[in-house]
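Now for the letters of each chain:
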Amino acid sequence: MATFGTLSDRLTETFKNLRTKGKLSAADVDGTVREIRRALLDADVSLDVVKSFTATVRERALGDEVNRALNPAQQVVQIVNEELVGILGGQQRRLQFAKNPPTVIMLAGLQGAGKTTLAGKLAKWLKKDGHTPMLVAADLQRPNAVNQLQVVGEQAGVQVFAPEPGNGVGDPVRVAKDAVAHAQRAQHDVVIIDTAGRLGVDAELMKQAANIRKATNPDEVLFVIDAMIGQDAVSTAKAFQEGVDFTGVVLSKLDGDARGGAALSVASVTGRPIIFASTGETLDDFEPFHPDRMASRILDLGDILTLIEQAQQAFDEEEALKVAEKLATEQFTLEDFLKQMQQLRGAGSLKKMLGMLPGAGGMKQQLENFDEREIVRTEAIIQSMTPAERRNPKLLNGSRRLRIAKGSGMTVTDVNQLVQRFEQAAKMMKTVARGGVPQVPGMGPIPGAGGYGGGKRQAAKAKKKSSGSRSGNPAKRAAENAALASGATPAGPGGASGSGFGLGGGAAAGAGAKGAPSEEELAALQKLLGR
């Protein structure tokens, strides 16, 4: 996720230099504050905001709370985190709904800020929350703005009120007023008015927006601002606040802004909270703005709460219980594997989700190289199988795998690799379902853990071994049984019990013990090895 990428990198690098210090001097604090100031200015944060922010951080960092701290570096990070939350608006602010529906929400902002798309995102988000929103096409100036809103409304699955064709035809104030009356009759509990924008702030734009506000008396006026415009965000926000006034801010295109200065400036300068953030191109890339969570992302501390919320929305609890039951009874199939992957895709972009993990900044290169289309390819392979093949992968012989590869547009090697990965994953999940600790490929067994039930198997093997020899050679079986009867340990292959290549089996018994190599044998071995 590109959000605040540059700022996050700079701040994380700055704090690394503090970790080696047991106590911070005034020079250390000044150096850190200086780097923070440069990072914020490079991120296009307003100069007034930067001055106020760094002055507060310096004052607190030189105070007693850091001097008495066991870890001064962590204490400074905590101070910066708290101050970032403050300039981002403090606490989360939710939408205010009218006591008597419909709730009227008016969107205002410059042309190109993404108001029309954002109207669809907001409508879809409200619909998921149980509301019945209606979009209003009050942008009658921009070419094809009405058509665009109708397309967005269809994608979001909500009704669009568009009595005028637009393209310069129609009165936006009357459209907005009629829309509220229509919503009352049709029992829509939320009305979202998409207003016109201009390429720059001008008197005509402000007058039209102010007239729509007077005519509809909206419960919320949301100022939509492009997070990529940097320093201009402050002047634009001030102009709209004076001309129309707004109750909250929505940041659009936040995923494309590696600097993020607009977000860190607007809330602090205008005193209006950021309520929503648009983080991508699809209608689902939309989320409520949490100042504390965003501050954690900036400092690379992760955003686990948002990650959990997204997962809860995507994963079906009933389906998850069914899968757990199948794992416990060893009935997990490729069909279940496919359902799990489809739920994972439904949670949103995997890159974004991984980017919410603490320390994700250190994996930036790996995240950039991660190809999310791999899941689509895997789905194509499984969907090219017959139901019987999905339930029983052992049916997949050479000809079947060739047919699946052709049907999915992949190669036989890809099919083989998928089946192999599925078998490994199913084995690991079965082990976890039984309460064991899985052995990760490429890693040795975990001490004290049963692995794939290995402890039980080894105990069973030892029990069988102690009960008598199972060798197919009668002479060898008689010798091993005689050794067991006398209380000795039978020799493994090569003569020594449990040793590789027949060496080292009797070392624990000390020199001269039964089964230990004699001096003559050692001399013969050295001669054989050429020493």
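Calculation notes
Residues numbered from 1 in each chain as written. Predicted model: local features only at pLDDT ≥ 70, side-chain atom pairs only at ≥ 80, totals over all residues. Heavy atoms only, no water. Salt bridge = Lys/Arg side-chain N within 4 Å of Asp/Glu carboxyl O. Helix = DSSP H or I, 4+ residues; strand = E, 2+ residues; numbered from the N terminus. Buried < 20%, exposed > 50% of the residue type's maximum accessible area, 1.4 Å probe, protein only. Phe/Tyr/Trp six-rings, centres within 6.5 Å; stacked < 30°, edge-to-face > 60°. Core = buried A, V, L, I, M, F, W, Y, C linked by side-chain atoms within 4.5 Å. Domains from an automatic or database assignment. Contact = heavy atoms within 4.5 Å. Axes fitted to C-alpha atoms, helices over the stretch in contact; angles between N-to-C directions. Parallel < 35°, antiparallel > 145°, perpendicular 65-115°, else oblique. Left-handed = near helix turned anticlockwise from the far one by under 90°. Nonpolar A, V, L, I, M, F, W, Y, C, P; charged D, E, K, R; others polar. Polar contact = N/O pair within 3.5 Å; in protein donor to acceptor, adjacent residues only side chain to side chain. Arc of directions from axis to C-beta. Pairing = 2+ DSSP bridges. Expected span 1.5 Å × (residues − 1).

S.K.: An account of the pattern of salt bridges is needed here, citing residue identities and associated values.
M.R.: A full pass over the atoms with the stated rule returns 12 salt bridges. With a shortest N-O distance of 2.9 Å, E220 and R93 are connected by a salt bridge. A residue pair is termed long-range when its members are at least 10 positions apart, and E220 in strand β5 (residues 220-226) and R93 in the loop between α5 (72-87) and β1 (103-108) qualify at 127 residues. The buried category is assigned to E220, whose relative accessible area is 0%. In this structure, the salt-bridge partner of R272 is D245, at a minimum N-O distance of 3.2 Å. Of this pair, R272 sits in the loop between α11 (261-270) and β7 (274-278) while D245 sits in the loop between α10 (232-243) and β6 (248-252), placing them 27 residues apart in sequence. Overall, the relative accessible area of 25% leaves R272 in the partly exposed class. Take D245: its relative accessible area is 27%, and that puts it in the partly exposed class.

S.K.: Before we move on, can you summarise the packing of aromatic side chains with the specific residues and values?
M.R.: If you walk through the whole model with that rule in mind, you get five aromatic pairs. Geometrically, the ring pair formed by F223 and F246 is stacked, given 5.0 Å between the ring centres and 25° between the ring planes. Of the two residues, F223 sits in strand β5 while F246 sits in the loop between α10 and β6, which places them 23 residues apart along the sequence. Like F223, the residue F246 is buried in the burial classification. In this structure an aromatic cluster arises from ring pairing among W125, F276 and F286.

S.K.: With reference to specific residues and values, describe the nonpolar core.
M.R.: Within the largest apolar cluster, 93 residues are counted, with the highest numbers of intra-cluster contacts made by F15, V80, L84, L122, I192, F240 and L264. A domain-level breakdown of this core finds at least three residues from each of domain 1 (7-87) and domain 2 (103-298). Setting aside residues up to four positions removed in sequence, F15 forms contacts with T32, I36, V76, V77, V80 and L299. I375, I381, M385 and L418 belong to the second largest nonpolar core, which has 17 residues in total.

S.K.: Give a description of the packing of helix α2 (residues 26-42) against helix α3 (residues 47-61) that names residues and reports values.
M.R.: Geometrically, a packed helix pair is captured by the angle between its two axes and the distance between the axes. Running from N to C, α2 and α3 cross one another at 160°; their axes reach a closest spacing of 10 Å. Here α2 is positioned roughly antiparallel relative to α3, judged by the angle of their axes. For α2 against α3, the interelement crossing comes out right-handed. Contacts from V29, D30, V33, I36, R37, L40 and L41 in α2 reach L47, V50, F53, T54, V57, R58 and A61 in α3. Per-class residue counts for the contact of α2 with α3 are 10 nonpolar, one polar and three charged.

S.K.: Summarise the environment of D139; cite the residues concerned and give the values.
M.R.: Mapped onto the fold, D139 is located in the loop between β2 (133-138) and α7 (145-156). If we skip the residues at most four places from it in the chain, D139 touches A145, V146, D194, T195 and A196. One polar contact links the side chain of D139 to the main-chain amide nitrogen of R142, over a distance of 3.4 Å.

S.K.: Explain helix α20 (residues 398-408) to me, using residue names and the numbers behind them.
M.R.: For α20, the full list of buried residues reads R401, I404, A405 and S408. Summarising the axial view, the buried residues of α20 lie within an arc of 100°, below the 170-degree limit, and thus occupy one face. In α20, the exposed positions angled more than 90 degrees off the buried face are occupied by S399, K406 and G407. Of the residues flanking the end of α20, it is G409, one or two places downstream, whose phi is positive at about 75°.

S.K.: Any chance you could break down the pairing of β7 for me, citing the residues and the numbers?
M.R.: In terms of residue burial, β7 counts as a mostly covered element, since five of its five residues are buried. Here three bridges tie β6 to β7, and the two strands are oriented parallel to one another. Pairing of L251 across the sheet is with A277, part of β7. The sheet contact formed by β7 and strand β8 (residues 286-288) spans three bridges and is antiparallel. Opposite F276, over in β8, you have P288 as the bridge partner.

S.K.: Outline the side chain of S265, supporting the account with residue identities and numerical values.
M.R.: Tracing the sequence through the fold places S265 in helix α11. Those residues within four positions of S265 in sequence are excluded, and the remaining contacts are D44, V45, S46, V49 and V234.

S.K.: Before we move on, can you summarise α7 with the specific residues and values?
M.R.: Taking 1.5 Å as the rise per residue, α7 with 12 residues should run 16 Å; its terminal C-alpha atoms sit 16 Å apart, in good agreement. What α7 keeps buried is the set A145, V146, L149, V152, G153 and A156. End-on, the buried residues of α7 take up no more than an arc of 125°, which puts them together on one face. When the buried face of α7 is taken as reference, the exposed residues oriented beyond 90 degrees from it are E154 and Q155.

S.K.: Tell me about the sheet that holds strand β3 (residues 159-161), and name the residues and values.
M.R.: A sheet is described by the order of its strands in space; here eight strands give the open sequence β3-β2-β4-β1-β5-β6-β7-β8, paired in mixed fashion. Edge positions in the sheet fall to β3 and β8, since each of these pairs with one other strand and no more. Ignoring strand direction, the axes of neighbouring strands in this sheet form an average angle of 25°. Where β5 and β6 come together, five bridges link them in parallel fashion. Its bridge partner being in β6, V224 is matched across the sheet by V250. Along the sheet, α7 makes contact with β2, β3 and β4 (190-195), crossing β2 at roughly 165°. Lying over the sheet, helix α8 (residues 172-186) contacts β1, β2, β3 and β4, oriented at roughly 165° with respect to β2.

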